[in-house]
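Observations on the model geometry
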Amino acid sequence: MDTEHSPWQPPLIWRGAQLLARALVALVARLEVTGDVPAHLRRGPLVLAANHISPFDPVVLVAACQVRGIVPRVMATAGLFRAPVIGTLMRRAGHIRVDRGTTAVHRALDAATTAVAAGSVILIYPEGRIGLDPGMWPERGKTGAARLALDCGAPVIPVAQWGAHEVLPYRAPRGMLRGVARAVWRRPVIRVHFGEPVDLGEVDAADPGAARRATDRIIDALTDALAPLRPDEPDTPRYVDPGRPSDSSRVHRRRSG
């Protein structure tokens, strides 16, 4: 991996957006960030793998990264890049467009691989969508995050977060104003934890099924990091979004040991 030539430098517009994200979170909730990223990894190359529970959690994760002095490039759905203003910001900030469900989706992984090779920190959702696990635990992941890490040899740090689902509903923008008003009034606690690097040392990228095994390890690590953030909600969340569907088809079964 060659990180010596033209390393990526976060543009000022993105650093400013991180400060704005932190301010937005402070308006609607109380943010608690625990864990850390080793100093030598904060500028990359690094893969941050986060669980996805709400349309609001990208803002939360960007704010938490700002607290820890990390400026990630985000792998985000193509819809954001097509949106007015936000799309322009995403492109100028160097984020990576993911065209899910199209033949162009592989370009996102190629772009992310190039970005990590240039020394970037990439923030990715290994679940590939807002999780629909009945208990809101990390569901069985897609293999993109694992393939990225295996291709680049970059370390993976799980980033677990809990509480963003109390701010914006699953079907936002439907119900968005009501959700935000409720959050401003109740001030929920949003917790983000940066876990220990995932051990992928025994996974040989050349072996059949390597990406699947690495993905399961990443989801296991996310689950372990999330558990302490919701100690009183081991089975189902205390706050239930009535508009959020439930899907048991991708329930993750943790590896033994």
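Residues numbered from 1 in each chain as written. Predicted model: local features only at pLDDT ≥ 70, side-chain atom pairs only at ≥ 80, totals over all residues. Heavy atoms only, no water.

So, on to the pairing of strand β2 (residues 46-50). Across the 5 residues of β2, 5 count as buried, placing the element largely inside the fold. Across the two faces of β2 the burial is the same, with L46, L48 and A50 and V47 and A49 all buried. The sheet contact formed by β2 and strand β5 (residues 121-124) spans 4 bridges and is parallel. Its bridge partner lying in β5, A49 is registered against I124. Sheet topology places β2 next to strand β6 (residues 156-162); 4 bridges connect them, and they run parallel. Paired with L48 across the strands is I157, a residue of β6. (Buried < 20%, exposed > 50% of the residue type's maximum accessible area, 1.4 Å probe, protein only. Helix = DSSP H or I, 4+ residues; strand = E, 2+ residues; numbered from the N terminus. Pairing = 2+ DSSP bridges.)

A ring pair, where both rings are aromatic, is described by two values, the distance of the centres and the angle of the planes. Counted by the stated rule, this structure contains 0 aromatic pairs. A cation sits over an aromatic face here: R230 above W162, 4.2 Å from the ring centre. (Phe/Tyr/Trp six-rings, centres within 6.5 Å; stacked < 30°, edge-to-face > 60°. Lys NZ or Arg CZ within 6 Å of the ring centre and 35° of its normal.)

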